[in-house]
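Per-entry structural report
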Amino acid sequence: MSNFLAHPHAKAPVRDKLAQIYDDSVEHLSTALSIQEKDLSLSSRSIDKGVVIASCLAYFSNQYSISAVAVHLYAVNDALHNLSDFLWFINGTSLVVMIVGPVVAYYANFKTRKWIILGGLIFGVVGQLVSGLARGVHFLIIGQALVGASLATQPLMVTIPAEVLAQNKRRLAQLATNMAGGLGGLSGAILGGVMLKPHTTSDVPFAWPWLFRVGAALYGATLVLFAVTYQPLQPRVSVSQIKPKFDWMGWCLLGLGIVPLVTGLTIAGEPSSWGGLDVIIPLTVGCSSTVLFVIWEICGTTTGLFNHDMFKHGRNFPITLALFFLEGVLFVVFLVWYNQQVYELFVDDPLLQGLRFAVFYGAITLLAPLVAVYCAKTKSIKSALVVGYVVIVAAVILMATSTLQSGKLVIFYAALAGIGLTAPLVTLMTSIQLATPVDLIHAVIPLATLMRTLGIVVANVLSDIVINTVFDMSLRERLSNALLPLGLTPQNIDELFWAFRARSEELVDIIGEKEGFSAKVIQLAHEVSKDAQLAAFQFVWIAVAVLGGLAVIGSLAMSPVANPMPERTAPITVLQAAPEEPSPPYSLGPSPRTSGHLTIIQGNEKHQVDSGSEY
């Protein structure tokens with residue numbers, strides 16, 4: 001082949017095309033040989049089992065940290081007598097993941113992942129220790145923000161089994177890490193309930209510090225195991241060799257947009273706060289920076305955080321990005337607001353609450369292997385996604401129709417939600433990788449995590465605004481309708497309104513001791529308050545059902561997934577028509593004095609080149 005390419009009579013365009021095909025063939029062959037050699041060498045590395053165990057423990061630790069706080073969020077804040085800042089436990093962590101994640105993923109491409117992962121785990125240990133030693137809500141928020149730096153490295157854990165294991169063992173390792181994450185969430189829900197039970201020897205109503213001390217111990221064990229067992233094969237690469245460069249402009253605009261925007265919306269969770277400067281200024285800065293970020297990513301660069309080449313290979317990529325956002329919405333609504341509804345309306349025992357929600361993580365843990373096997377057998381992701389989203393929409397609709405007598409039924413609804421979310425959690429990352437060009441796969445994992453986390457933050461903030469607004473509007477009207485016929489004055493009703501609005505049982509008890517407030521009145525006021533809370537939660541569930549319907553439509557709109565594995569390079573055949581006069585020896589085409597053509601065949605592709613034309 002090289003003799004043909006070097007012959008002086010070969011036409012330049014034809015020679016260039018054949019050279020490209022030849023180089024591609026050699027590249028595919030060398031890649032296959034290197035992969036085979038790597039797999040053979042990896043099969044003998046027994047220490048890699050320890051790395052897989054460390055990856056599983058990291059997934060377990062991260063999901064424990066998420067569920068232990070989110071499931072019992074209201075109980076922890078109730079123990080600290082501070083319900084106004086409870087959203088920052090989730091939003092602070094999520095914002096750190098959104099901002100730090102893209103930088104971590106980029107630098108992991110040319111620096112060894114070991115030190116990045118170890119650095120993230122150190123932040124996890126420190127963050128949990130700060131949370132466990134704190135006695136105020138603000139120190140707890142700072143501690144959980146530090147834990148967010150550890151969660152930002154979780155996408156790198158996906159690559160560890162693929163880096164250190166032979167190819168035939170990677171699926172089992174990935175399945176093990178997913179199941180470890182499910183078990184971590186399950187443990188966080190149950191153990192968190194045990195640690196938040198009333199503790200007579202504590203100076204606070206709950207033994208909440210142990211919730212975070214166990215998390216610190218888990219991160220510490222993971223840190224030691226990774227440091228001892230992980231010996232990365234990834235070579236160091238110079239920063240100048242990485243293309244495209246990191247989009248620092250887009251990253252700065254993203255941070256300047258999302259952080260003030262979330263801050264303003266969180267402060268505006270109270271309806272009376274919308275007119276304050278502490279809301280208007282962050283919202284103005286955030287909206288302006290977000291608009292600039294969108295303009296920059298569309299018009300200012302083609303290789304930014306949202307690389308334009310990712311969107312040029314069919315509709316699956318943008319659809320899957322949208323599904324990641326919707327998955328974050330559906331996940332956090334059950335993780336945070338389902339548990340708040342259970343705690344406020346059905347049971348205020350943290351252990352019973354954790355046991356009720358454990359079925360959510362239990363369903364995910366048990367079904368994850370079955371979903372993986374089904375997708376591998378059918379070679380289909382679309383059907384699993386459609387069924388999963390249909391099931392979770394059914395769970396959301398059932399929650400929207402729940403009543404104050406649905407205390408036991410909501411346990412089944414949580415299990416149904418876990419069943420539905422299993423398919424998106426297991427398959428979406430695979431779907432977006434298959435829809436991405438091979439040379440950009442390293443950039444798509446942090447992008448998918450960013451979209452999922454954005455869905456979590458947006459749903460968290462907007463749900464808080466909706467619940468507070470609907471609760472305020474409904475509570476005042478319901479109190480008036482129920483208590484005015486009993487002889488209470490508007491001033492008495494206003495006192496009860498502000499006490500229930502603050503969700504303070506102490507204030508309600510103080511009001512109940514005043515003249516004119518009988519036990520019957522206070523009991524009726526409690527019932528009215530619960531009705532108003534239920535109406536507020538139902539409003540959120542209805543809105544989420546609409547978003548779930550969009551997820552079903554998006555899944556149905558996905559095109560069939562192509563085979564992700566590159567096919568074996570087909571042999572190249574060059575056929576030449578018989579010339580009228582002999583051609584020079586080793587010629588790739590007829591001589592200038594002849595007429596004829598070349599036929600180049602590779603696999604099912606056939607190209608004809610006339611002697612007088614360019615290929």
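Below is a short write-up of the structure. Just so we're clear, the structure is a prediction, and the values are computed from it rather than from any experiment.

**Focus: the overall build of the protein chain**
Assigned secondary structure in the protein chain consists of 21 helices and three strands. In the protein chain, which comprises 615 residues, the proportion classed as buried is 51%. Partitioning the contacts of the protein chain with sequence separation of at least 6, the portion at a separation of at least 24 is 78%. Summed over its atoms, the accessible surface of the protein chain is roughly 28,200 Å², and 66% of this surface lies on carbon and sulfur atoms.

**Some words on the nonpolar core**
Ranked by size, the top nonpolar core spans 125 residues in total, and within it Phe334, Tyr338, Phe360, Tyr389, Leu479, Leu496 and Trp541 carry the most contacts. With residues up to four places along the chain from it excluded, the contact list for Leu496 reads Leu479, Leu483, Leu488, Ile511, Phe517, Val521, Ile522 and Ala525. Val51, Tyr59, Ile116 and Met157 belong to the second-largest nonpolar core, a separate cluster that totals 21 residues.

**What to know about the environment of Gly314**
Within the fold, Gly314 resides in the loop between helix 13 (277-300) and helix 14 (316-345). Taking the C-alpha atoms as reference points, Gly314 and Ser559, 245 residues apart in sequence, are found 8.1 Å from one another.

**A word on unusual backbone geometry**
We note that Lys379 has phi near 55 degrees; this positive angle belongs to a residue other than glycine. Tracing the backbone shows Lys379 in the loop between helix 15 (350-378) and helix 16 (382-400).

**With respect to the packing of aromatic side chains**
A full pass over the atoms with the stated rule returns 15 aromatic pairs. Ring centres of Phe226 and Tyr230 lie 5.9 Å apart, and the angle between their planes is 75 degrees; on these two criteria the pair is classed as edge-to-face. The pair Phe226 / Tyr230 is uniform in exposure class, with both members buried. Summarising the aromatic geometry, the rings of Phe334 and Phe360 are spaced 6.4 Å apart at their centres and angled 15 degrees between planes, so their arrangement reads as stacked. Linking Phe334 in helix 14 with Phe360 in helix 15, this pair joins segments that are 26 residues apart in sequence.

**Re the packing of helix 5 (residues 88-107) against helix 12 (residues 248-267)**
Between helix 5 and helix 12, the least distance of the axes is 11 Å, while the angle of their chain directions is 175 degrees. Taken together, the axis directions place helix 5 and helix 12 in an arrangement best described as roughly antiparallel. Between helix 5 and helix 12, the residues in contact are Trp88, Asn91, Leu95, Met98, Ile99, Pro102, Val103 and Tyr107 and Trp248, Trp251, Leu254, Gly255, Ile258, Val262, Thr263 and Thr266, respectively. Tallied by class, the residues present in the contact of helix 5 with helix 12 amount to twelve nonpolar, four polar and no charged.

Reading guide: rules and limits
- Residues numbered from 1 in each chain as written.
- Predicted model: local features only at pLDDT ≥ 70, side-chain atom pairs only at ≥ 80, totals over all residues.
- Heavy atoms only, no water.
- Helix = DSSP H or I, 4+ residues; strand = E, 2+ residues; numbered from the N terminus.
- Buried < 20%, exposed > 50% of the residue type's maximum accessible area, 1.4 Å probe, protein only.
- Contact = heavy atoms within 4.5 Å.
- Areas by Shrake-Rupley, 256 points an atom, 1.4 Å probe, with all protein chains shown as cover.
- Core = buried A, V, L, I, M, F, W, Y, C linked by side-chain atoms within 4.5 Å.
- Phe/Tyr/Trp six-rings, centres within 6.5 Å; stacked < 30°, edge-to-face > 60°.
- Axes fitted to C-alpha atoms, helices over the stretch in contact; angles between N-to-C directions.
- Parallel < 35°, antiparallel > 145°, perpendicular 65-115°, else oblique.
- Nonpolar A, V, L, I, M, F, W, Y, C, P; charged D, E, K, R; others polar.

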